[in-house]
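Close look at the chain arrangement
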Amino acid sequence: MAHSLQTQAPELPVLSRNFGDDERARAFAQFLARHRGEVHLIALQDYPDPDAISSGLAYRLLAERFDIDTEIVYEGRVSHQENLALVHLLDIDLTRFTGALPLERYDGAVYIDNQGTTTRLAERCQGAGVRALAVIDHHAPQGVLNPEFEDVRPVGAAATILTDYLRSGEVVTLDPDKEPHVHLATALVHGLRAETNGFIRAGPEEYLAAAYLSQFTDPQLLDSVLRVQRTRGTMDVIRIALTDRIVRGGFSLAGVGYLRHADRDAIPQAADFLLTEENVHTAVVYGILLGEGERELVVGSVRTSKLTLDVDQFLKSALGTDVRGRHYGGGRSRAGGFEIPIGFLEGTTDAEHMRLKWDAFNRQIRGRLLRAAGVGEDSEGS
Ligand SMILES: [Mn+2]
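On a predicted model such as this, the values are computed, not experimentally measured, just so you know.

In this section: the nonpolar core. Counting residues in hydrophobic clusters, the biggest one holds 57 residues, and the most contacted among them are A43, A109, L162 and L188. Looking at which element gives the most residues to this core, the answer is helix 3 (residues 50–64), with eight residues.

What follows deals with the environment of R371. Secondary-structure assignment places R371 in helix 13 (residues 351–373). We classify R371 as partly exposed; it has 14 C-beta atoms within 10 Å.

Take the sheet that holds strand 4 (residues 108–112) next. The six strands are arranged 3-2-1-4-5-6 in an open sheet whose pairing can be described as parallel. What marks the edges here is a single partner per strand, and that holds for strand 3 (94–96) and strand 6 (149–152). Each strand axis lies, on average, 25 degrees off the axis of its neighbour in the sheet, ignoring direction. One ladder, built from four bridges, connects strand 1 (residues 39–43) with strand 4; its direction is parallel. Bridging from a neighbouring strand, A43 pairs with Y111 of strand 4. Each of strand 5 (132–137) and strand 6 is contacted by helix 2 (residues 22–34), which is oriented at about 150 degrees to strand 6, the strand it contacts most.

Here we take up the sheet that holds strand 7 (residues 246–248). The six strands are arranged 7-8-9-10-12-11 in an open sheet whose pairing can be described as mixed. Among the strands making up the open sheet, the edge pair consists of strand 7 and strand 11 (329–331). Taken over all neighbouring pairs, the strand axes of this sheet differ in orientation by 15 degrees on average, direction set aside. In this sheet, strand 12 (residues 335–341) lies alongside strand 10 (residues 297–304) in antiparallel orientation, the contact comprising seven bridges. Paired with V302 across the bridge in strand 12 is G336. In this fold helix 10 (residues 232–244) packs onto strand 8 (251–259) and strand 9 (282–289), with an angle of close to 135 degrees to the strand it touches most, strand 8. Packed onto the sheet, helix 12 (residues 311–319) meets strand 10, strand 11 and strand 12 and runs at close to 175 degrees relative to strand 11.

Domain boundaries in the protein chain define domain 1 (22–226) and domain 2 (232–373). Using only C-alpha atoms to locate each centre, domain 1 and domain 2 end up separated by 30 Å.

Next up on the list: helix 7 (residues 179–195). Here helix 7 contains 17 residues, and its C-alpha end-to-end distance of 24 Å stays within 8% of the 24 Å for a straight helix at 1.5 Å per residue. Taken across its 17 residues, helix 7 has 13 buried, putting it largely inside the fold. Phi for N197, located one or two positions after helix 7, is positive at around 55 degrees.

We now examine the pairing of strand 5. The element strand 5 is largely enclosed, with a buried count of six among its six residues. For strand 4 and strand 5, the ladder comprises four bridges, and the chain directions are parallel. Bridge pairing in strand 5 places A109 opposite A132. The β-α-β motif built from strand 4, the intervening helix 5 (residues 121–127) and the parallel element strand 5 has right-handed crossover chirality. Where strand 5 and strand 6 come together, four bridges link them in parallel fashion. Across the sheet, residue V135 finds its bridge partner in strand 6, namely E150.

Across its 13 residues, helix 2 extends 18 Å between first and last C-alpha, which sits within 8% of the 18 Å expected from 1.5 Å per residue. Here helix 2 has its buried residues at A25, F28 and L32. Down the axis, helix 2 shows its buried residues gathered within 55 degrees of arc, on one side only. Within helix 2, the exposed residues directed more than 90 degrees away from the buried face are E23, Q30 and R34.

Right, let's get into unusual backbone geometry. The residue Y47 is not glycine, and still its phi comes out positive at about 55 degrees. Inspection of the secondary structure puts Y47 in the loop between strand 1 and helix 3. Under the C-beta neighbour-count criterion, Y47 is labelled partly exposed, with 18 such atoms within 10 Å. With a phi close to 55 degrees, D67 is a non-glycine residue in the positive phi region. When you line up the elements, D67 lands in the loop between helix 3 and strand 2 (69–74). Take D67: there are 11 C-beta atoms within 10 Å of it, and that puts it in the exposed class.

How each quantity is defined
All residue numbers refer to positions counted from 1 along the written sequence of the respective chain. Only residues with pLDDT of at least 70 get local features here, since the model is predicted, and only at 80 or more are side-chain atom pairs given and counted; chain-wide, interface and lining totals rely on the full set of residues. Working definition: the nonpolar core is a set of buried Ala, Val, Leu, Ile, Met, Phe, Trp, Tyr and Cys residues, joined through C-beta atoms within 7 Å. Here exposure depends only on C-beta density: within 10 Å of a residue's C-beta, 20 or more other C-beta atoms make it buried, 12 or fewer make it exposed, and intermediate numbers make it partly exposed, the C-beta atoms being placed from the backbone. What counts as a helix is a DSSP run of H or I of at least four residues, what counts as a strand is a run of E of at least two, and both are numbered from the N terminus. When DSSP finds at least two bridges between two strands, those strands are taken to pair. Angles run from 0 to 180 degrees between N-to-C directions of axes, and those axes are lines fitted to C-alpha atoms, restricted for helices to the stretch in contact. Each residue gets a C-beta atom placed from its backbone, and two residues are in contact if those atoms lie within 7 Å. The domain boundaries here were taken from an automatic or database domain assignment. Multiplying 1.5 Å by the helix residue count minus one yields the expected span of that helix. Seen with the strands pointing away from the viewer, any crossover whose path from the first strand over the helix to the second strand runs clockwise is right-handed. To obtain the arc, one takes the directions from the helix axis to the C-beta atoms.

Shown next, in the form of structure tokens:
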């Protein structure tokens, strides 16, 4: 019996494959070796997420081995509570770009979890003569930058690729007794989780990366990062979205009025929440981000569970383009967002003006979205 079982042993499909790509990990190590002693700017996308932050941290640790000094830089804000918890609990040093940052001090820039198309830093670096040294990303190839080292793989997260470099042992060997290593592994697991919606959208590479990292993570620390509390502002936005939502034909729509930049991430969180209602397949939440020294904008988020709804197409057809022909919104298959500048009406502080302004934008956006959704225009007041 045992004999027949042995001869019938099936070929294991995916897991028997070696995890990772040793050749690329070696090429990465050689790339770092060529840049020994330099100073690198690690450019994350505007509004960096846990995948980007943890991957940037991994680059920093790997580069340290070659005495490469790094600075993890982003524009926009780190606003999601989970991101803030990650940064604070793991004591990650991030630099928010302001005009005061002298770009000339960097020998080059490395783009991680992006290829220069989702960060304003790419243009700034090019303008300052800071060349693109490396691109490490998991999105579709953009071909905008022409870096010396490029590793763009169709995996579920950038953290997967950086974990592969760690796993190869080409540069460092992680040690569960070293705190920076434990912090990094914990951050990467969080990055993998967040990027794949809690491993629901993860592929075998992400599970294998997590399995490798699990030898070094601190479960308590990960728990603290995940058990974050929402700010009062975020709770308020969710409350308004809940009370003021319009539900029609499976669409749930809520305009939440004005909100602060610091609460920007409340919009997608509210959309995620509205999507959990019975019989709702698509949720849209939007509001006006108060200027506070930056551009005043309408920002919106769309979430859908409807397989036949293409969020990108939906937003493009609903909201159209600006005078320069650029779409106000777009997205991936299940999620998307939009931004509409307030333009000439920006910067009012008078309460009545602000009410009128919100009313005008709210009606216009709601009308267009409902029409595009094919559930008719709203006839109730606001
Ligand atoms: Mn990513």
